[in-house]
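Residues per chain are reported as follows:
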Amino acid sequence: MSKNLGKLHKATNAIHAGNEPEKVTGAIIPPIFQTSTFVQTSPGKHQGYEYTRSHNPTRTALEECLASLENAKYSMVTSSGMSAIMLILHTLKKDAKILCGDDVYGGTYRLLTKVFNKYHQTTFIDFTQTKDLEKAFKVNKPDLVWIETPTNPLLKLTDIKKLSKLCKKNKVILVVDNTFMSSFFQNPLDLGADIVIHSMTKYLNGHSDVVGGCLMLNDKKIYDQLWFLQNSIGPSQSPFDSWLVLRGLKTLAIRMERHAENASKIAKFLEKHPQVEKVIYPGLKSHPQHKLAKSQMHGFGGMITFFVKGDLAKSRKFLKKLKLFKLAESLGGVESLVDHPAIMTHASIPVKEREKLGITNNLIRLSVGIEDLDDLLNDLKNALV
Ligand code: P1T
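Since this is a predicted model, take the numbers as computed values, not measurements.

### Description of the domain arrangement of the protein
- Taken domain by domain, the protein comprises domain 1 (10-249) and domain 2 (253-383).
- Here the C-alpha centre of domain 2 lies 25 Å away from the C-alpha centre of domain 1.
- On the domain 2 side, the residues contacting the 42 residues of domain 1 number 42 residues.
- Counting each side, the surface lost to burial between domain 1 and domain 2 is near 3200 Å², with a carbon and sulfur contribution of 62%.
- Taken as a group, Leu157, Phe185 and Tyr203 account for 25% of the area that domain 1 buries against domain 2, more than any other trio of residues on that side.
- Remark: the boundary between domain 1 and domain 2 carries zero salt bridges.
- In this structure, the connection of domain 1 to domain 2 is made through 16 residue pairs in polar contact (both at pLDDT 80 or more).

Shown next, in the form of structure tokens:
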């Protein structure tokens, strides 16, 4: 346990929380405890650590830092975003009902519809368009509500405070996947959510060199259940990867500010471009939930989704011409990435569903990095012809 630092700002916590100087040498950076096991002085007598699948001091340091960033009592680090999601789904009883936002990461959709469909029943609804949520709760009788806000890839927002009130009234667990905002721009637990998850692969680590996930929550009973599952199933993160995320977190505040600053200017540029049909970015006045974005988020983030004018051939031409924006799945790293959701990140969603959602062949998703803005704008200008 690190010293209680009192109430500090997030930029400070990202650097200091969980980062105690090492006790033997005073090293300012917590070491990588690259060990699978810990010696006991007599059976059952140890210093809090027995085996790295269960606990590891480097992972503990990261968990403390993450908990401070989401104002959470408990945090758990996992081997990937998907394994964090899997652990939550395993806490549900058989035949549980899940009400899930209709626009989610393709892998989340796949896990719910092709793996956990053996145990649970998931109904997908558009929380932004469903006027009568009370009725949706009455009809579906969910045990758990799952949302991304902003969603991947259409950047739709859900009013977390409003939804959490309804969940509490109906004794339903609300889980928010906060990956797109990072803990710097949005804190769902403060707005009433029960569990927050992140793919740490994205903004929290920020350097595209780690795959990881995390869970933050305030309920001890659910935490104990999640930890039991983590220990039993085994998707714990390696000490080295935890150390890299702890390192990445130190610059979370300045990275997020720069991601958002660049994205806001790029979104405005794209909105005026004659080859662009429509731009979706929560920071634009044209975003249908811009007002909600201003009230529940502390920044608009680094993700932009837009439609080029034309078809798949036009999208392919644009993607081929880009030089700085690299065509790759993932997001949230310091380098800019571009994604074609229909063929890449959301291919596991059936075509009919994708089309209903609006994930069309001319839809492009940008993860705006922290490079010089002029270089990014020039890259887009050269490719959008
Ligand atoms: O890739 P992994 O660390 O397992 O995280 C899965 C995940 C969970 N939640 C959201 C909102 C995500 O975006 C992801 C992963 N997403 C991508 C790889 C992507 O390019 O959208």
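### With respect to the site of the ligand
- Inspection of the region around the ligand gives 18 residues, with Asp177, Ser199, Thr201, Ser330 and Arg365 positioned closest.
- With respect to the ligand, the side chain of Asn152 contributes an N or O atom lying 2.9 Å from an oxygen atom.
- A distance of 2.8 Å is found between an oxygen atom of the ligand and a side-chain nitrogen or oxygen belonging to Arg365.
- Expressed as a share of its isolated accessible area of 470 Å², the protein-covered part of the ligand is 93%.
- Each of domain 1 (10-249) and domain 2 (253-383) gives at least three residues to the shell around the ligand.

### Regarding the sheet that holds strand 1 (residues 74-78)
- Strand order in the open sheet formed by seven strands is 1-7-6-5-4-2-3, and the pairing between neighbours is mixed. At either end of the open sheet lies a strand with only one pairing partner, and these are strand 1 and strand 3 (121-125). Adjacent strand axes in the sheet meet at a mean angle of 20°, parallel and antiparallel pairs treated alike.
- Bridge analysis of strand 2 (residues 97-101) against strand 4 (residues 144-148) gives three bridges, and the strand direction is parallel.

### As for the pattern of salt bridges
- For the coordinates displayed, the defined rule picks out eight salt bridges.
- The salt bridge involving Asp126 is made with Lys156; its shortest N-O contact spans 3.2 Å. Of this pair, Asp126 sits in the loop between strand 3 and helix 5 (133-140) while Lys156 sits in the loop between strand 4 and helix 6 (160-169), and the two are 30 residues apart along the sequence. Taken as a pair, Asp126 and Lys156 share a single burial class, namely buried.
- Ionic contacts of the salt-bridge type, sharing partners, join the residues Asp102, Asp126 and Lys156 into one network.

### Some remarks on a positive patch on the surface
- Together, Lys265, Lys268, Lys272, Lys285, Lys291 and Lys294 give the surface a local cluster of positive charge.
- Looking at the positive patch, the elements with two or more residues in it are helix 10 (252-272) and helix 11 (290-296).
- With respect to the helices and strands, Lys268 occurs in helix 10.

### With respect to the sheet that holds strand 9 (residues 303-308)
- If you trace the five strands from one edge of the open sheet to the other, you get 8-9-12-11-10, paired in mixed fashion. Taken across any chain shown, the strands that pair with only one partner, and hence form the sheet edges, are strand 8 (276-280) and strand 10 (326-327).
- Across five bridges, the pairing between strand 9 and strand 12 (residues 363-367) is antiparallel. Across the sheet, the residue bridging to Met303 is Ser367, located in strand 12.

### Details of the nonpolar core
- In this structure, Ile266, Leu270, Ile304 and Leu366 are the most contacted members of the largest nonpolar core, which totals 71 residues.
- The element contributing the most residues to this core is helix 10, with nine residues.
- Split by domain, this core shows at least three residues from each of two domains, domain 1 (10-249) and domain 2 (253-383).
- Setting aside anything within four residues of it in sequence, one finds Leu366 in contact with Ile266, Leu270, Gly302, Met303, Ile304, Phe306, Phe325, Leu337, Val338 and Leu380.
- Core analysis: the second largest hydrophobic core is formed by 28 residues, Tyr109, Leu111, Leu112 and Leu229 among them.

### A look at the packing of helix 3 (residues 81-90) against helix 4 (residues 106-115)
- Running from amino to carboxyl end, helix 3 crosses helix 4 at an angle of 30°, the nearest separation of the two axes being 11 Å. Relative to helix 4, helix 3 is oriented so that their crossing is right-handed. Judged by residue contacts, Met82, Ile85, Met86 and Leu89 of helix 3 engage Gly107, Thr108, Leu111 and Leu112 from helix 4.

### Looking at the state of the cysteines
- Counting across every chain of the model gives zero disulfides.
- Cys65 carries a free sulfur, and the closest cysteine sulfur to it, the one in Cys214, is 11 Å from it.
- Of the cysteine sulfurs around Cys167, a residue in no disulfide, the closest is that of Cys100, at 12 Å.

Cut-offs applied
- Residues numbered from 1 in each chain as written.
- Predicted model: local features only at pLDDT ≥ 70, side-chain atom pairs only at ≥ 80, totals over all residues.
- Heavy atoms only, no water.
- Domains from an automatic or database assignment.
- Contact = heavy atoms within 4.5 Å.
- Buried area = accessible area lost by both parts, 1.4 Å probe.
- Salt bridge = Lys/Arg side-chain N within 4 Å of Asp/Glu carboxyl O.
- Polar contact = N/O pair within 3.5 Å; in protein donor to acceptor, adjacent residues only side chain to side chain.
- Near = heavy atom within 4 Å.
- Areas by Shrake-Rupley, 256 points an atom, 1.4 Å probe, with all protein chains shown as cover.
- Pairing = 2+ DSSP bridges.
- Helix = DSSP H or I, 4+ residues; strand = E, 2+ residues; numbered from the N terminus.
- Axes fitted to C-alpha atoms, helices over the stretch in contact; angles between N-to-C directions.
- Buried < 20%, exposed > 50% of the residue type's maximum accessible area, 1.4 Å probe, protein only.
- Patch = residues over 30% accessible without salt bridge, like charges linked within 9 Å, V, L, I, M, F, W, Y side chains within 5 Å.
- Lys, Arg positive; Asp, Glu negative; His and termini not counted.
- Charge placed at Lys NZ, Arg CZ, Asp CG, Glu CD.
- Core = buried A, V, L, I, M, F, W, Y, C linked by side-chain atoms within 4.5 Å.
- Left-handed = near helix turned anticlockwise from the far one by under 90°.
- Disulfide = S-S within 2.5 Å.

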